[in-house]
Every structure is written in C-alpha cells, then in structure tokens.
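Next come the chains, spelled out residue by residue.
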Amino acid sequence: QVQLVESGGGLVQAGGSLRLSCAASGIFFSINGMGWYRQAPGKQRELVADITRGDSTNYADSVKGRFTISRNNAKNTVYLQMNSLKPEDTAVYYCYADVYMTRSSNRNSWGQGTQVTVSS
C-alpha cells in the first residue's frame, strides 16, 4: 500500500507564493514520474506540472515561468513552488506518483488533495 501525503496549501493574496509538498510512504520498489494536477470548481482536473526520476520537467502553459516542480528521490517527495499566484490558480491540488510495486508492475497513486485559494 502506498500513501501520498500533501501539505502546504492555504489562502494567499494574488502575487503571493506557496510551496506544496507531497511525500510517498509505504512498501514499493521505486517511483518513476511524479507530478501535480489541480481541479477548480466546475472544471476538469488538469495537469499542472510533472517531473521524471531524472528531473525532466513539463509544465502547463498557464503556469510556466511562475511554478517550479522539483523532487527529492531519497525522500520520495515532490514539491511545487508557486510564485506570482493568480486568483485563477485557485483549486484543489493533487499530487500523483507512478509507483512501481515490483520491478515490472506499476500504477498511479494519488494524494488526497490540498486546497489552494488565491484572493484578489
């Protein structure tokens, strides 16, 4: 069983910053890709950013230049530094991890979500 625990959400004014963290725990072989999605009320869940085990990154156009994803493989943790936040960034943010339970068997695991609210 794998658990992803997120932290760092909250309420911030427009232009402010927040840093989200997501730590994976449990018994597993390794973690490949990790990343963050978000879902605003009435909207579909969308990819914010993801990162490979080798630190290759990918960002949604709406957050490029403002958000930075990083990870610590030794701690099985992924981070999302969010700067210059806008009201439209308000959403529940979910982390995910592509977890290998064995050398050849993998599945996506998800965190419970953390609320980010940006006031104007």
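Residues numbered from 1 in each chain as written. Predicted model: local features only at pLDDT ≥ 70, side-chain atom pairs only at ≥ 80, totals over all residues. Heavy atoms only, no water.

### So, the overall build of the protein chain
Okay, step 1: Of the regular secondary structure elements, the protein chain holds zero helices and 11 strands.
Okay, step 2: Its helices and strands in sequence order give the protein chain the pattern β-β-β-β-β-β-β-β-β-β-β, from N to C terminus.
Okay, step 3: Taken against the 2.2 N^0.38 rule, which gives 14 Å for 120 residues, the C-alpha radius of gyration of the protein chain at 14 Å falls within 12% of a compact globule.
Okay, step 4: If one aligns the C-alpha atoms of the protein chain with their principal axes, the spans along those axes are about 45 × 25 × 25 Å. (Helix = DSSP H or I, 4+ residues; strand = E, 2+ residues; numbered from the N terminus. Rg over C-alpha atoms; globule rule 2.2 N^0.38 Å.)

### Points about the sheet that holds strand 3 (residues 18-26)
Okay, step 1: Taken in spatial order, the four strands make up an open sheet running 1-3-8-7, and their pairing is antiparallel. Bordering the open sheet on either side are strand 1 (2-7) and strand 7 (67-72), each of which pairs with just one other strand. Taken over all neighbouring pairs, the strand axes of this sheet differ in orientation by 15 degrees on average, direction set aside.
Okay, step 2: Note: strand 7 against strand 8 (residues 77-82), six bridges, orientation antiparallel. Across the sheet, residue T68 finds its bridge partner in strand 8, namely Q81. (Pairing = 2+ DSSP bridges. Axes fitted to C-alpha atoms, helices over the stretch in contact; angles between N-to-C directions.)

### Structural notes on the pairing of strand 8
Okay, step 1: With five of six residues buried, strand 8 is to be regarded as a mostly interior element.
Okay, step 2: The pairing of strand 3 with strand 8 spans six bridges and is antiparallel. Bridge pairing in strand 8 links R19 to Q81.
Okay, step 3: If you look at the hairpin formed by strand 7 and strand 8, you'll find four residues sitting between the two strands, and N76 has a positive phi there, around 50 degrees. (Buried < 20%, exposed > 50% of the residue type's maximum accessible area, 1.4 Å probe, protein only.)

### Here's the deal with unusual backbone geometry
Okay, step 1: The phi angle at D55 is positive, at roughly 75 degrees, despite the residue not being glycine.
Okay, step 2: Within the secondary structure, D55 is located in the loop between strand 5 (46-51) and strand 6 (57-59).
Okay, step 3: Phi angles above zero are rare outside glycine, and N76 is one such case at about 50 degrees.
Okay, step 4: Of note, N76 is situated in the loop between strand 7 and strand 8.

### Observations regarding the packing of aromatic side chains
Okay, step 1: Taken as a whole, this structure holds three aromatic pairs when the rule is applied.
Okay, step 2: Ring centres of Y37 and Y96 lie 5.6 Å apart, and the angle between their planes is 70 degrees; this geometry places the pair in the edge-to-face category. Placement of Y37 in strand 4 (residues 30-39) and of Y96 in strand 9 (residues 91-100) is noted, with a sequence separation of 59 residues between them.
Okay, step 3: When the ring of Y96 is compared with that of W110, the centres are 5.5 Å apart and the planes differ by 40 degrees; the resulting orientation is tilted. Taken together, the positions of Y96 in strand 9 and W110 in strand 10 (residues 106-110) put the pair 14 residues apart, joining distant regions of the chain.
Okay, step 4: Through a chain of ring-to-ring contacts, three or more aromatic side chains come together here, namely Y37, Y96 and W110.
Okay, step 5: Above the ring of W110, the side-chain terminus of R45 is found at 5.0 Å from the ring centroid. (Phe/Tyr/Trp six-rings, centres within 6.5 Å; stacked < 30°, edge-to-face > 60°. Lys NZ or Arg CZ within 6 Å of the ring centre and 35° of its normal.)

### Points about the side chain of R38
Okay, step 1: Structurally, R38 is set in strand 4.
Okay, step 2: For R38, a relative accessible area of 6% corresponds to the buried category.
Okay, step 3: Side-chain polar atoms of R38 contact the side chain of D89, separated by 3.0 Å.
Okay, step 4: A polar side-chain atom of R38 sits 2.9 Å from a polar atom in the side chain of Y93. (Polar contact = N/O pair within 3.5 Å; in protein donor to acceptor, adjacent residues only side chain to side chain.)

No statement about biological role is implied by the geometric values presented.
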